[in-house]
Amino acid sequence: MAAWNLTRQGVNVTMLDAGRKFNRSEFWTHVKPWEWQQRLDAGQKPPPIVLDPVEQPYITPLGQNFALTRVWGRGGKTNIWGRVSLRYSDLDFTGPLRDGWEIPWPIRYKDIEPYYDKVDQLIGVCGGDDDQDSLPGSKYFLPPPPLRCGEHIIKKAASSVGIGVVPIRRAVLTQNHNGHTKCHYCGACGSGCDVGAFFNSSDYLIEPALKTGRLNIINNAVVARVLVDERGLANGVQYFDRQTKEEHRIFGRRVVVAASCVDSTRILLNSSSPRFPNGLGNSSDVVGRYLSEQIRVTMHGFAPELKGGKVYNDDGIGGAHIYMPRFNHRDGRKRDYIRGFGCQFWYTGAQTDLSYAKSIPGFGLNFKKAVKDRYPAVLALHPFGEAIPKAENRITVKGSPLDRYGVPVSRIAYSVGENERRMSQEMYDTTLEILHAAKAEIIPFDRNRLEPNGSAIHEHGTCRMGEDPQRSALNGFCQMHDVKNVFVVDGSAFTTASEKNPTLTILALAWRATDHMAGEMRRGNV
Amino acid sequence: MPALASAQETKEVGDQPGHLHAGPAIQVPAPSQPTFFQPSEFRVVDALCERIIPRSDTPGAKEAGVALLIDKAIVAEPARGASYRAGISDLNALASDSYGKEFTALSEEQQIALLTPLSLDPDSPLGRFFALVKDMTIDAYYKTEAGLKTELGWHGNTYLASFPGCDHPEHHS
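Residues numbered from 1 in each chain as written. Chains lettered and ligands numbered in written order. Predicted model: local features only at pLDDT ≥ 70, side-chain atom pairs only at ≥ 80, totals over all residues. Heavy atoms only, no water.

A. Quick peek at the pattern of salt bridges. Overall, the coordinates contain 42 salt bridges over all chains when judged by the stated rule. Between Asp285 of chain A and Arg289 of chain A there is a salt bridge whose closest N-O contact spans 3.1 Å. For Asp285 of chain A, a relative accessible area of 28% corresponds to the partly exposed category. For the salt bridge of Glu145 of chain B with Lys149 of chain B, the shortest nitrogen-to-oxygen distance reads 3.3 Å. (Salt bridge = Lys/Arg side-chain N within 4 Å of Asp/Glu carboxyl O. Buried < 20%, exposed > 50% of the residue type's maximum accessible area, 1.4 Å probe, protein only.)

What follows is the structure, encoded as C-alpha cells:
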C-alpha cells in the first residue's frame with residue numbers, strides 16, 4: 001500500500017522484497033484433495049508461499065509455542081489471506097479509555113473513515129447494509145454472496161435468541177471491479193487465487209505502482225537493519241540476498257517498514273546503534289512488547305433439518321458468508337473481563353475437512369452412514385476475541401541464535417491470561433446458545449480449549465502508535481516519535497488487537513500514513 | 001530456447017484477468033507397495049481400515065487405498081510408526097488368544113467382535129491403537145475421490161458462474 005500510494009504521488013520508491021512474485025498460473029487452485037496427493041507422488045510441489053521455519057527459524061520459550069505463519073514474497077500474506085474486512089469502530093479505538101487497560105489509540109473512527117471508504121472502493125469488499133456501533137458500515141460494498149443452508153439456519157437461530165448475524169464483509173469480488181475479475185466460487189482461496197478475484201497486494205497495488213515507472217523492486221532482499229546517520233535519521237537499510245547470502249546496503253531519504261508485525265519488529269530491534277542502543281526508535285522500550293492477536297474457539301454442530309439431505313456445493317467465496325458482530329457492550333451487564341468478541345462461521349456446510357467424523361463413536365457401516373448423514377448438516381462456529389496487550393508478551397532479539405545471514409532471529413514469548421480465559425467462557429456460552437436455538441446436535445467439546453497461540457495469524461502491537469512518546473513508538477500517522485523519517489505501516493503499529501481481522505485497517509492506516517508522509521516531504525519536514 | 005519462451009508466455013496469460021485452470025496433474029500409477037509396513041503388517045492395516053469404513057453401495061477403505069495413504073503418512077511423520085508396529089502385533093496376539101488365528105484370517109464377524117470392545121475403551125493400549133487407526137482412516141478416506149466424491153457427494157472446487165446458495169425458503173429468517 002505504501003509503495004502504491006507514494007509512487008502515484010510522484011515519489012520514487014525502492015521496495016525490498018524478501019522473496020519474489022508468486023505467479024498465479026503456478027497456484028494449486030484447481031487441484032482436488034485426491035489430486036493433491038497424486039501431484040506430490042509425482043514429485044510436484046505447490047509454490048512455496050508460506051515461509052519454511054527451517055529456512056528462517058524463530059524461537060519460543062520452552063512449552064510456549066507460537067504458531068507463526070510468514071510469507072516472504074511479493075504481496076506477502078495477502079496472497080492467501082482470509083479476506084475478512086471489518087472496520088474498527090470507536091469501541092475499538094477507545095476501549096483502553098473506558099477500561100483503563102493500557103493506552104488508547106491516538107486516532108478515532110472519524111480519522112480513518114475516509115480511508116476505509118477509499119480502501120473499500122479500491123480493493124472491492126462485499127457486505128450488507130447493517131451499519132452498527134461495533135461494526136461501521138460502508139457505502140461502497142459489493143453485493144454479499146447468498147448464504148448456504150447452514151448459514152441461514154444459524155442466522156435464524158441466533159436471531160431467535162436476540163443475537164444479530166449479518167452478511168460478513170470480505171475482500172472478494174462478487175462483481176468485476178476496477179479491472180479485476182470476479183470470483184468463480186471454487187473455494188480454494190487458501191492456495192492463492194488463479195484469477196486474482198480477491199484483494200492481494202501484488203496484483204492490486206504493486207502492479208499498478210510498477211506502471212508508474214517510479215517503483216524499483218529488489219527481489220530476494222532480506223532486510224536485516226535500518227541504518228542511521230549522525231543526526232539520528234534513517235538513511236538506508238542493510239539487506240542480504242536470499243540466494244547468495246551476500247550483504248548489501250541501499251540508501252534513501254526515508255524508510256517505510258512493512259515486513260509484517262514480527263519481521264518488522266525484528267528489523268527495528270536489530271537496528272541498534274550507539275545512538276539507539278535499544279533498537280531503532282525504541283527509547284520508550286515498547287518496541288517488541290504488547291504482542292497481541294485474537295483468541296479463538298471452535299464449535300461444531302449438526303442442523304437436524306439438513307441431516308441426510310442433499311449435498312450442495314457449499315464452496316461459495318471460500319469461508320464464511322455471515323458474521324456475528326460484537327454485542328457484549330450493549331446489554332449493560334457487567335462482565336468479569338474487558339473488551340469483546342465477534343463470531344465467524346467458517347466451514348459451515350459440505351466442506352473437505354471431515355474432522356468431525358473423529359468424534360462420531362463406533363466403526364463400520366453404521367459409522368459410515370452417521371458420517372454421511374451429517375455431512376451436509378455441519379454448522380461451524382468460530383468466535384474471535386481480543387487478547388489484551390501485555391508488556392511481557394514480547395518479541396526480543398538479544399541473545400537469540402543467528403539466522404543464515406548472521407542476524408539474530410525473533411524470540412516470541414506469548415501467552416494468554418485470565419482476561420482471555422474468562423472471555424472465552426462467554427464465547428463458548430454464545431455458540432452454545434445459538435446451537436441450542438438451532439436444536440443442533442453438538443459435537444463433544446472441551447470448554448477450556450483455545451486454538452493455538454499464533455494461529456489467528458494476526459500479530460499486532462509490537463511498535464504501537466500513541467500520543468505519548470514515553471509509552472508508544474509511533475504517532476497516529478505511523479511515524480516514529482524518535483526517528484521522524486521512519487514509518488511503520490503493518491500490524492505492529494496497532495495499539496490494540498480488537499476482535500477483528502486487521503488487514504483492512506492496515507491498508508487504511510498505511511494509506512493515511514503515506515498521505516501524511518508525502519505531505520511532510522512536500523513541506524520539507526522529512 | 002523456444003521451450004522457455006513458451007513457458008514464459010503461458011505465465012503471462014495466466015496473470016491476466018480471466019480464467020485459466022492450472023494444468024492437469026501428472027498421471028502416475030499409484031505406488032502399489034508400502035514403504036513402512038511389512039507385507040504382513042500391511043494386510044492387517046488394510047483389513048482393519050476396511051472394518052472401520054467398509055464397502056457399502058460405495059467403496060470402502062480398502063478400495064480407496066487408505067492403508068497405502070496411512071503408510072505415506074507414517075513415512076512423512078515417522079514418530080507414528082512405533083505405535084503401528086506394536087499395535088499390529090498386539091492385535092494379532094489378541095486374535096490368536098481369542099480365535100487361535102491371526103487377525104486377517106478371521107471372518108468379518110469375528111473381526112468386528114474383536115474390535116468392538118477396543119472401540120469402547122480408548123484408554124487401553126489396543127483401544128488407543130484402534131483410535132489412532134480410526135482417525136488416520138478418516139483423514140485419508142475422506143480425501144480420496146472414493147470417500148469425498150463418491151461416498152459423500154462433494155462436488156466443489158470447480159468453476160461456477162454464480163453461487164446460488166440455499167434454495168429452501170423455510171431455512172430463511
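B. Broad picture of empty space enclosed by the protein. Residue and element names in this part refer to chain A. In total, this model carries three cavities of 30 Å³ or more according to the counting rule given. Taken as a whole, the largest cavity holds about 110 Å³ of empty space. Around the largest cavity, the lining is made up of 16 residues, and of these Cys183, Cys186, Cys189, Cys193 and Phe198 lie nearest the centre. Grouping the amino acids of the lining of the largest cavity by side-chain chemistry returns 11 nonpolar, four polar and one charged. The calculated volume of the second largest cavity comes to roughly 70 Å³. As for the second largest cavity, its lining consists of 12 residues, and the residues nearest its centre are Arg24, Phe27, Asn79, Asn200 and Asp203. When the residues that make up the lining of the second largest cavity are grouped by side-chain class, the tally is four nonpolar, four polar and four charged. (1 Å grid on protein atoms, 1.4 Å probe; cavity = no way out; pocket = protein on both sides within 12 Å on 5 of 7 lines; lining within 4 Å. Points joined across faces, edges and corners; volume = space filled by probe spheres on them. Nonpolar A, V, L, I, M, F, W, Y, C, P; charged D, E, K, R; others polar.)

C. Structural view of the packing of aromatic side chains. Evaluated as defined, the whole model comprises 25 aromatic pairs over all chains. Judged by centre distance (5.3 Å) and plane angle (70 degrees), the rings of Phe363 of chain A and Phe130 of chain B are edge-to-face. One end of the pair, Phe363 of chain A, is in the loop between β11 (341-344) and α9 (365-374); the other, Phe130 of chain B, is in helix α7 (residues 125-141), on a second chain. Neither Phe363 of chain A nor Phe130 of chain B differs from the other in exposure class; each is buried. Counting every residue linked through ring pairs, the aromatic cluster contains Phe36, Phe37, Phe42, Tyr84 and Phe129 of chain B. When the ring centre of Tyr290 of chain A is taken as origin, the NZ or CZ atom of Arg464 of chain A, which lies over that ring, is 3.7 Å away. (Phe/Tyr/Trp six-rings, centres within 6.5 Å; stacked < 30°, edge-to-face > 60°. Helix = DSSP H or I, 4+ residues; strand = E, 2+ residues; numbered from the N terminus. Lys NZ or Arg CZ within 6 Å of the ring centre and 35° of its normal.)

D. Here's a closer look at the interface of chain B and chain A. Taken together, the contact between chain B and chain A spans 66 residues of the former and 62 residues of the latter. In this assembly, chain B packs against chain A so that about 5300 Å² is buried in total across both faces, 57% of it on carbon and sulfur atoms. It is Asn157, Phe163 and His171 of chain B in chain B that bury the most area against chain A; as a group they hold 15% of the surface buried on that side. Remark: the boundary between chain B and chain A carries two salt bridges. Between Lys358 of chain A and Asp139 of chain B there is a salt bridge, and its shortest N-O distance comes to 2.9 Å. At the junction of chain B and chain A, the tally comes to 24 residue pairs in polar contact (both at pLDDT 80 or more). (Contact = heavy atoms within 4.5 Å. Buried area = accessible area lost by both parts, 1.4 Å probe. Polar contact = N/O pair within 3.5 Å; in protein donor to acceptor, adjacent residues only side chain to side chain.)

E. Quick look at unusual backbone geometry. Even without being glycine, Glu102 of chain A reaches a positive phi, approximately 60 degrees. Mapped onto the fold, Glu102 of chain A is located in the loop between α4 (95-99) and α5 (109-123).

F. Local environment of the nonpolar core. Judged by nonpolar contacts, the single largest core of 106 residues is most densely connected at Tyr84 and Phe103 of chain B. With eight residues, α7 of chain B is the single largest residue contributor to this core. Not counting chain neighbours up to four residues away, the residues in contact with Tyr84 of chain B comprise Phe36, Phe37, Val45, Ile70, Ile74, Phe129, Leu132, Val133 and Met136 of chain B. The next biggest cluster of nonpolar side chains, apart from the first, holds 71 residues, and it includes Ile107, Val119, Ile267 and Tyr290 of chain A. (Core = buried A, V, L, I, M, F, W, Y, C linked by side-chain atoms within 4.5 Å.)

G. Layout of the sheet that holds strand β6 (residues 247-251) of chain A. Residues and elements named next belong to chain A. Here three strands make up an open sheet; going across it, the order is β4-β5-β6 and the pairing antiparallel. The sheet is open, and its two edges are formed by β4 (221-228) and β6, each paired on a single side. Between one strand axis and the next, the sheet turns through 25 degrees on average, direction left out of account. (Pairing = 2+ DSSP bridges. Axes fitted to C-alpha atoms, helices over the stretch in contact; angles between N-to-C directions.)

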